[in-house]
Amino acid sequence: EKARLVESARLAEQAERYDDMVENMKKVLSACIDFPYSSYERNLLSVAFKNVVGARRSSWRVISSIKQKEEEEKKVKLSEAYLTRIANEIEEICIDVVNLIDTSLLCRDDLDVESKTFYMKMKGDYYRYVAEVSPQDSKSGFADKANKAYDEAYTLCKAEMPASHPIRLGLALNYSVFYYEILAECSAARTIAQKAFDDAIQSIDELPPNTYKDSTLIMQLLRDNITLWSSDMEDDDDDSAQ
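Just so it is clear, the structure is predicted and the values come from calculations on it, not from any experiment.

A. View of the overall build of the chain. Counting its regular elements, the chain contains nine helices and zero strands. Counting from the amino terminus, helix and strand elements in the chain follow one another as α-α-α-α-α-α-α-α-α. In terms of C-alpha radius of gyration, the chain reaches 20 Å, essentially the compact-globule figure of 18 Å for 242 residues. Each principal axis of the C-alpha distribution contributes one length, and for the chain these read about 60 × 50 × 30 Å. By the burial criterion, 45% of the 242 residues in the chain qualify as buried. Intrachain contacts of the chain at a sequence separation of at least 6 include 68% that bridge at least 24 residues. Per element, the accessible surface of the chain, about 13500 Å² overall, is 48% carbon and sulfur. Charged side chains of the chain number 31 positive and 45 negative; the gap between the two group centres comes to 4 Å.

B. Focus on the UniProt feature "site: Interaction with phosphoserine on interacting protein" (unreviewed entry) in the chain. Those residues carrying the UniProt feature "site: Interaction with phosphoserine on interacting protein" (unreviewed entry) are Arg57 and Arg128 in this numbering. A compact arrangement is adopted by the annotated residues: their sequence extent is 72 residues, whereas the largest C-alpha distance between any two is 11.4 Å. By the element assignment, Arg57 lies in helix α3 (residues 39-69). Arg57 has contacts with Ile90, Arg128, Tyr129 and Glu132, leaving out every residue within four places of it along the chain.

C. The nonpolar core, seen in detail. Formed by 73 residues in total, the largest nonpolar core has its most connected members in Tyr37, Leu45, Phe49, Tyr126, Tyr154, Phe178 and Leu222. In terms of residue count, helix α4 (residues 73-105) provides more of this core than any other element does, eleven residues in total. If near-sequence neighbours (up to four positions away) are discounted, Leu222 is found in contact with Leu169, Ala172, Leu173, Ser176, Ala193, Ala196 and Phe197.

D. Representation of unusual backbone geometry within the structure. The phi angle at Glu16 is positive, at roughly 60°, despite the residue not being glycine. Taking relative accessible area as the criterion, Glu16 reaches 59% and is therefore assigned exposed.

E. Examining the side chain of Ser203 more closely. Tracing the backbone through its elements, the reader meets Ser203 in helix α8 (residues 186-203). Once you skip the residues sitting within four places of it in the chain, Ser203 turns out to touch Ala163 and Ser164.

F. Seen up close, the confidence of the model for the chain. For the chain, per-residue confidence averages 92 on the pLDDT scale, and residues scoring 70 or more make up 95% of the total. By mean pLDDT, helix α9 (residues 209-241) is the weakest element of the chain at 84, and helix α7 (residues 166-181) is the strongest at 97.

G. A look at the environment of Arg61. Looking at the secondary structure, you find Arg61 in helix α3. With 22 residues separating them in the primary sequence, Arg61 and Leu83 have C-alpha atoms 8.9 Å apart.

H. Structural context of the pattern of salt bridges. For the coordinates displayed, the defined rule picks out 19 salt bridges. The closest approach of N and O atoms between Asp125 and Arg128, which form a salt bridge, is 3.5 Å. Highlighted residues: Asp125 and Arg128, both in helix α5 (residues 113-133), separated by three residues, approximately one helical turn. This pair shows no difference in class: Asp125 is buried, exactly as Arg128 is. The residue Glu152 makes a salt bridge to Lys148 at a minimum N-O spacing of 2.6 Å.

I. Expanded view of the environment of Asp125. When its relative accessible area of 4% is taken as the criterion, Asp125 is described as buried. As a C-alpha pair, Asp125 and Ala87 span 38 residues in sequence and 15 Å in three-dimensional space. Not counting chain neighbours up to four residues away, the residues in contact with Asp125 comprise Tyr150 and Asn174. Within the structure, Asp125 has its side chain in polar contact with the side chain of Asn174 (distance 2.9 Å).

J. Region of interest: the packing of α7 against α8. Across the interface, α7 lies against α8 with an axial gap of 7 Å and an inter-helix angle of 165°. In terms of orientation, α7 lies roughly antiparallel with respect to α8. Two packed elements cross with a definite hand, and for α7 against α8 that hand is left-handed. Each of Arg168, Leu169, Ala172, Tyr175, Ser176, Tyr179 and Tyr180 in α7 lies in contact with α8, whose residues at this interface are Cys186, Ala188, Ala189, Ile192, Ala193, Ala196, Asp199 and Ala200.

About the thresholds
Residues numbered from 1 in each chain as written. Predicted model: local features only at pLDDT ≥ 70, side-chain atom pairs only at ≥ 80, totals over all residues. Heavy atoms only, no water. Helix = DSSP H or I, 4+ residues; strand = E, 2+ residues; numbered from the N terminus. Rg over C-alpha atoms; globule rule 2.2 N^0.38 Å. Buried < 20%, exposed > 50% of the residue type's maximum accessible area, 1.4 Å probe, protein only. Contact = heavy atoms within 4.5 Å. Areas by Shrake-Rupley, 256 points an atom, 1.4 Å probe, with all protein chains shown as cover. Lys, Arg positive; Asp, Glu negative; His and termini not counted. Charge placed at Lys NZ, Arg CZ, Asp CG, Glu CD. UniProt positions renumbered as here; feature names shortened; annotations may be inferred. Core = buried A, V, L, I, M, F, W, Y, C linked by side-chain atoms within 4.5 Å. pLDDT = per-residue confidence, 0-100. Salt bridge = Lys/Arg side-chain N within 4 Å of Asp/Glu carboxyl O. Polar contact = N/O pair within 3.5 Å; in protein donor to acceptor, adjacent residues only side chain to side chain. Axes fitted to C-alpha atoms, helices over the stretch in contact; angles between N-to-C directions. Parallel < 35°, antiparallel > 145°, perpendicular 65-115°, else oblique. Left-handed = near helix turned anticlockwise from the far one by under 90°.

Right, dumping it as structure tokens:
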């Protein structure tokens, strides 16, 4: 039964029917709680939810951009109503992910450090997605939850995983983006990214061949962000001087 559900999820992914993929992977968790949960199945679950919520995040950004350009009051209100609808869908999906992680994954006795870090990172990511689209009065609450999840995951992986491990690097990337985009703390974001990049460089030669490509790709993204954020900070310094 587990193999059938996993194969159904894989087929749904190939057909780009991500809502079906989510439902199949949720059934895997609920029906097979006593079986080991492999890294392949873990990645299927992550891909499923990432695409389901990713489509709505993209829609939210498009409508938000349109709203900013509108001048007619009726059109602005229509855009605002649509943004609220999409934001509610994003929140519902993200809270569903977090609850699933808490009740079906982080509670497992067979979790290794890699899996625990992965799921804590997912919690941080999905709380961040809600914070992105939330009104100011509720944004800080979701931001605090995201920060807590990221911090716990980062503390754990720094103690137990090599600096060049792709999961640790991916966490550092997303944590730094959280600081930049949600908390608007450019300096802290750059510090997290720079430290992760520098630490990884020192152990890059120790990477096994099967993770080398993933790690170096994330390191490139970290370096791109470091360059961008350094430029932003220089621009801010120039503005202050003027």
